[in-house]
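Structural description and commentary
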Amino acid sequence: METQTETEKKKLHITLWIAGIAAACFLLGFGAFGLIRHLYYGNRWYPGTTVNAIPVAGCTLEDSREKLTEYFRGYTLTVKGRDNVSLMIPGDQIGYQAKTDDRWSEAFDEQHSDGVGLFSQDEQLNVGLDVSYDAELLAEIIRGSAIVQGDEKHIIRKPVSAYAKYDKASGRYVCVPEQEGNTVQTAVLLSEVEKALRQGEKTLDLTDQENHPDVYEAPAVTSGSRELQQEVNALDSTVNRQIRWKLDKDHIETVNPEQIARWISYRDGAVVFKKKKMEKWVHKFCSKYCTVGKTRKFKTHTGKKVSLGGGDYGWQISEEETLKQLKKSLKKETKETAGETGGPQVIDNKPAYLTVAHTLDFEGKIKDWDQKNYVEISLKDQMVYVFRKGKVAYSCRCISGRPVQGRETHKGVYYIKEHRTNYTMVGEDYKTFTKYWIRITWTGTGLHAATWQPWSRWTKTLYKTHGSHGCLNLSLQDAEKLYNMIKYREAVFIY
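What you see is a predicted model, and the numbers here were worked out from it, not measured in a lab. (Residues numbered from 1 in each chain as written. Predicted model: local features only at pLDDT ≥ 70, side-chain atom pairs only at ≥ 80, totals over all residues. Heavy atoms only, no water.)

1. Quick word on the nonpolar core
By size, the foremost hydrophobic cluster in this structure holds 40 residues, and its most contacted members are Trp-45, Leu-77, Val-79, Ile-89, Ile-142, Leu-189 and Val-193. Among the secondary structure elements, those contributing two or more residues to this core are helix 2 (61–71), strand 3 (76–80), strand 4 (86–90), helix 3 (102–112), helix 4 (135–143), helix 5 (146–149) and helix 6 (186–199). The element contributing the most residues to this core is helix 6, with five residues. Membership of the second largest hydrophobic core comes to 27 residues, among which are Leu-228, Leu-235, Ile-260 and Cys-286. (Core = buried A, V, L, I, M, F, W, Y, C linked by side-chain atoms within 4.5 Å. Buried < 20%, exposed > 50% of the residue type's maximum accessible area, 1.4 Å probe, protein only. Helix = DSSP H or I, 4+ residues; strand = E, 2+ residues; numbered from the N terminus.)

This is the structure:
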C-alpha cells in the first residue's frame, strides 16, 4: 500500500512532464513563427515602415520604388502661409521628377543588417531622393505668388515692433505687443520650398515657426525685449505722478499723468523731456492767473468811475521758477514702477509769485486790489489823492514829468515798492538827493520831496515847463505826510 508521500511525488512528476511538453511546443511554435517571419521579410521592408511618409511595410525594394513612382504621379506641393494664404505648385509646371537612388538600397540593407525582430517597432525613415525640377520656373512662380506679392484677399503687412505706449484708461505706460505681419523673405522662402521638393513633401506649413523660423520678416523689437521693458518702466515711473500748485483751497492747478505723457519720450536709455511743450504749458498756467496790466475800474475823488489798464500791479507767477519746479517734480523719484497698483504720487508746489496783489480774484481778475484804500494820481489836475476806507483822506499838489520824450510820467496801475527817508536819484544827466522817497516803478518813478520846485506859484500846468524826469514831485510837507500814509504794495492809479 502506497504512502501519502509517494502519491504526492507521482503527481509532481506528472505536472513537470506536462509543463515540459508545453514549453517544447511553445518554443517550436515560436521558432516556426520566427522562421516564417524571417523568410517572409527577408527581402521586404519590415512591418510599420514608412519611407518619406510613404507606407512600404511588406513591400520588396522594387515594389517600394514603384510605389514611389505612383506616389509622385500628379505631385503638387501646397505651401501654407499666414492669414490663410496658400500656394499650389504642381510638379508638372516645374518639370518635377523624383526617383530613388542607391540611398534607398542602403536604407533597405541597413534595416536588414540585424535580421528581422520578432517584435519590431514601427520605423519612419527619411531617405534622400534623386529630385530634379526647373529652378528658374520655380523662382518665377514663388516671386509672383500672393504669398510674396499679395492680392485683393491677401494684403501684405509689414511687421510692427512692440513699443511703449501711454494707456489713458489705466493712466500707466504699457507694452503694446509686436505685430508679426506677413511679409516673407523671398530668398528664404525659395530655399524652404526647394528643401521640401527635395524631400518629396506635399505640404509646407510656413506658420510652423519652430521648423521654419526665418521665412517671415520679424519685428525688430518684441514684447519680451529687456530694453523695451526698461523703457516702459522708466516712462511709467515718470508719468505716475500728479504735480499740483495750490492757489487756494478751491483753485488747484494739476499736471496729470496724461499731460506728462505728452511731454516725454525715450532715447538712448533715458527719459527725454520736450522742453518747448513744457514751457508752453507753464506759460499758459502763469498767464491764466496773471492780472498785471489788466484794466481795472476805480472811483476817482469826484466819485466818477474810470477804467485804467497797464502798469505792473497785480498777481504774476514766475514762469522761470515754475518751470524749475515742474522739472524738479518730474525728476523726483517715485515709489511705484510699471505693473504695480495704486494711484499716482501727489507732488505739491507753492506758486512762485513775482508780484502779489491784495486779493485773489479768480472770477473777474480785476478786483484784486484794496478798493477802499489806494492812491489816485491825476496828471490832468496834477493832484495826489489818498483813499482810506473808501474816502479821500488826504490830497495834495504834485508836479509830474515834463511832457517830452523820455521824461513823461507813465500811466497805469502800479504798486508801492519801497520807502526811503533819504534817497539819491541818479539819471543820465543828473544826481539829486531827496527825502521821503516812495518808489512806484523799478525804472525810477516815485513820489518824493522836491524843495527846488517853485511851490508858491504852482499851477496844474507848471509841469510843462518845470516837469520832472518822470517822478511825482511833492512839497516837503506833503511828501512827509504821504510817506507816513501810503503803505507798501498799495495800489497806485496814475491817469
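2. Structural notes on the sheet that holds strand 12 (residues 251–255)
With mixed pairing, three strands are arranged side by side in an open sheet as 12-11-18. Looking along the sheet, the strands with just one partner apiece sit at the ends: strand 12 and strand 18 (345–349). Averaged over all pairs of adjacent strands, the angle between their axes in this sheet comes to 30 degrees, without regard to strand direction. Contacts from helix 10 (residues 319–331) reach strand 11 (241–248), strand 12 and strand 18 within the one sheet, and its direction differs from that of strand 11 by about 145 degrees. (Pairing = 2+ DSSP bridges. Axes fitted to C-alpha atoms, helices over the stretch in contact; angles between N-to-C directions. Contact = heavy atoms within 4.5 Å.)

3. Section: the environment of Cys-398
Inspection of the secondary structure puts Cys-398 in the loop between strand 22 (391–397) and strand 23 (412–415). Judged by relative accessible area, Cys-398 falls into the buried class, the value being 0%. Sequence-wise, Cys-398 and Leu-379 are 19 residues apart; in three dimensions their C-alpha atoms are separated by 8.7 Å.

4. Some remarks on the packing of helix 9 (residues 275–288) against helix 10
Where helix 9 contacts helix 10, the axes come no closer than 10 Å and their chain directions differ by 125 degrees. When the axis of helix 9 is compared with that of helix 10, the two are oblique. When the axes of helix 9 and helix 10 are compared, the crossing they make is right-handed. Between helix 9 and helix 10, the contacting residues are Lys-275, Met-278, Glu-279, Trp-281, Val-282, His-283, Phe-285, Cys-286 and Ser-287 on the first element and Glu-319, Thr-322, Leu-323, Leu-326, Lys-327 and Leu-330 on the second. (Parallel < 35°, antiparallel > 145°, perpendicular 65-115°, else oblique. Left-handed = near helix turned anticlockwise from the far one by under 90°.)

5. As for the confidence of the model for the protein chain
Considering every residue of the protein chain, the mean pLDDT works out to 90; 89% of them sit at 70 or more. A low-confidence stretch, residues 29–34 (pLDDT under 50), is modelled with four contacts involving residues beyond four sequence positions or located in other chains. (pLDDT = per-residue confidence, 0-100.)

6. So, the packing of aromatic side chains
Summed over all chains, the structure comprises 24 aromatic pairs. Centre to centre, the rings of Phe-285 and Tyr-289 are 5.9 Å apart; their planes meet at 75 degrees, and the pair counts as edge-to-face. Exposure remark for Phe-285: the relative accessible area of 2% places this residue in the buried category. Cluster of aromatic residues (ring-pair linked, three or more members): Trp-245, Trp-263, Trp-281, Phe-285, Tyr-289 and Phe-362. When the ring centre of Tyr-216 is taken as origin, the NZ or CZ atom of Arg-82, which lies over that ring, is 4.1 Å away. Taking NZ or CZ as reference, Lys-435 lies 5.4 Å from the ring centre of Tyr-436, over its face. (Phe/Tyr/Trp six-rings, centres within 6.5 Å; stacked < 30°, edge-to-face > 60°. Lys NZ or Arg CZ within 6 Å of the ring centre and 35° of its normal.)

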